[in-house]
Protein chains: 2
Amino acid sequence: MSADIQKLGEVDRMIHEPARLMVVALLSAVKEADFQYLHRSTGLSKGNLSVHLSKLEEAGYVAIKKTFRGKYPLTICRLTERGREVLENYRKVIRAAL
Amino acid sequence: MSADIQKLGEVDRMIHEPARLMVVALLSAVKEADFQYLHRSTGLSKGNLSVHLSKLEEAGYVAIKKTFRGKYPLTICRLTERGREVLENYRKVIRAAL
DNA sequence: ATAGACTAGTCTATAGTACAGACTAGTCAG
DNA sequence: CTGACTAGTCTGTACTATAGACTAGTCTAT
């Protein structure tokens, strides 16, 4: 019981950060989402969202595909397998402790 | 559904911080705990734990009673009513989003 | 008495961090 | 040519956790 609580001390901060948690939670339900959708759904500023996405990509939790809608840039994001695992583990830790 | 996720962006960081989340989670199950117990149960350094307890006290989430065990200082901590509410609300937000 | 362990805490220094907002670069419509 | 759209970089600010050294007092043992 108290062991469950101790695990909170080692949660992955990459995913624990609320802004990024919003992003991965959104992606976990959706398979793919573009930048616009994440921007509107999270309420984060574009600059901030961009930085968080880069960090999640660097961590290997999110895959980012840059393409075009017509001639406009289009950024498609999805959760990687690893990202899904990490989120699932995070859920377990949080649920167990709370 | 997505509204639940948006709420993650406004979680109370006082309680979201893992070190403090451990403390309040421990206190929520226990009614009262001394410094030693929290120190051992969380694995935080004494200095760090002391700072977090002060912040939780300042936020009104934890009440701290300084007394003595024999002639040694003894610090007793408990969750306030407000602290209990905030934790309960935090739980709801997290559960809804995950 | 002197050294060491115990209580809890303050303080300092380090290192990391999110975030807003300004800016870039390209495309398009009027 | 102006203004809106795409996504992103970059800068500056401000906050933050954390370890570890240190304080002050009490106790035990040598």
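Residues numbered from 1 in each chain as written. Chains lettered and ligands numbered in written order. Predicted model: local features only at pLDDT ≥ 70, side-chain atom pairs only at ≥ 80, totals over all residues. Heavy atoms only, no water.

Caption draft 1: The arrangement of the packing of helix 3 (residues 18-28) of chain B against helix 4 (residues 35-42) of chain B in detail. Residue and element names in this part refer to chain B. Their axes nearest at 10 Å, the elements helix 3 and helix 4 cross at an angle of 120°. As summarised for this structure, helix 3 and helix 4 are arranged oblique, according to the angle between their axes. Note on packing geometry: the crossing formed by helix 3 with helix 4 is right-handed. The residues of helix 4 that touch helix 3, namely those facing Met-22, Val-23, Leu-26 and Leu-27, are Tyr-37, Leu-38, Ser-41 and Thr-42. Considered class by class, the residues forming the contact of helix 3 with helix 4 number six nonpolar, two polar and no charged. (Axes fitted to C-alpha atoms, helices over the stretch in contact; angles between N-to-C directions. Helix = DSSP H or I, 4+ residues; strand = E, 2+ residues; numbered from the N terminus. Parallel < 35°, antiparallel > 145°, perpendicular 65-115°, else oblique. Left-handed = near helix turned anticlockwise from the far one by under 90°. Contact = heavy atoms within 4.5 Å. Nonpolar A, V, L, I, M, F, W, Y, C, P; charged D, E, K, R; others polar.)

Caption draft 2: Examining the sheet that holds strand 3 (residues 72-79) of chain B more closely. All names here are of chain B. Spatial strand order, 1-3-2: three strands in an open sheet with antiparallel pairing. The sheet is open, and its two edges are formed by strand 1 (33-34) and strand 2 (62-69), each paired on a single side. Both strand 1 and strand 3 contribute to a ladder of two bridges, which runs antiparallel. Within the sheet, the bridge partner assigned to Ala-33 lies in strand 3 and is Cys-77. Most of the contacts of helix 3 go to strand 3, to which it runs at about 85°, and overall it touches strand 1, strand 2 and strand 3. (Pairing = 2+ DSSP bridges.)

Caption draft 3: Seen up close, the confidence of the model for chain A. Counting all residues, the mean pLDDT for chain A is 95, and 99% of those residues have values of 70 or more. Least confident of the elements in chain A is helix 1 (residues 2-6) of chain A, whose mean pLDDT is 89; most confident is helix 3 (residues 18-28) of chain A, at 98. (pLDDT = per-residue confidence, 0-100.)

Caption draft 4: The protein's contact with DNA strand D, seen in detail. Near DNA strand D you find 20 residues, and of these Gln36(A), Lys66(A), Arg20(B), Lys55(B) and Lys71(B) are the closest. In the model, a phosphate oxygen of DNA strand D is placed 3.5 Å from a nitrogen or oxygen of the Glu17(B) side chain. At 2.5 Å from a phosphate oxygen of DNA strand D is found a side-chain nitrogen or oxygen belonging to Arg20(B). The greatest single-element share of the surface near DNA strand D, amounting to four residues, is contributed by helix 5 (residues 46-58) of chain B. In the surface near DNA strand D, the residues fall into five nonpolar, eight polar and seven charged. (Near = heavy atom within 4 Å. Polar contact = N/O pair within 3.5 Å; in protein donor to acceptor, adjacent residues only side chain to side chain.)

Caption draft 5: Region of the structure containing the pattern of salt bridges. The tally for this structure, following the rule as stated, stands at eight salt bridges over all chains. Arg13(B) is paired through a salt bridge with Glu17(A); the nearest N and O atoms lie 3.2 Å apart. Of the two residues, Arg13(B) sits in helix 2 (residues 13-16) while Glu17(A) sits in the loop between helix 2 (13-16) and helix 3, which places them in two different chains. Two residues, Lys65(A) and Glu32(A), come together in a salt bridge whose shortest N-O distance is 3.5 Å. In this pair, Lys65(A) is assigned in strand 2 (residues 62-69) and Glu32(A) in the loop between helix 3 and strand 1 (33-34), connecting sequence segments 33 residues apart. (Salt bridge = Lys/Arg side-chain N within 4 Å of Asp/Glu carboxyl O.)

Caption draft 6: Structural view of the relation of the copies chain A and chain B. With an axial shift of 0.0 Å and an RMSD of 0.0 Å, the rotation relating chain A to chain B amounts to 180°. Seen this way, the second copy is the image of the first under a two-fold rotation axis. Minimal C-alpha separation from the rotation axis in chain A is found for Arg95(A), amounting to 3.9 Å. Mapped onto chain B, 100% of the interface residues of chain A are again interface residues, and the two copies thus contact each other with one and the same surface. (Least-squares fit on C-alpha atoms with pLDDT ≥ 70 in both.)

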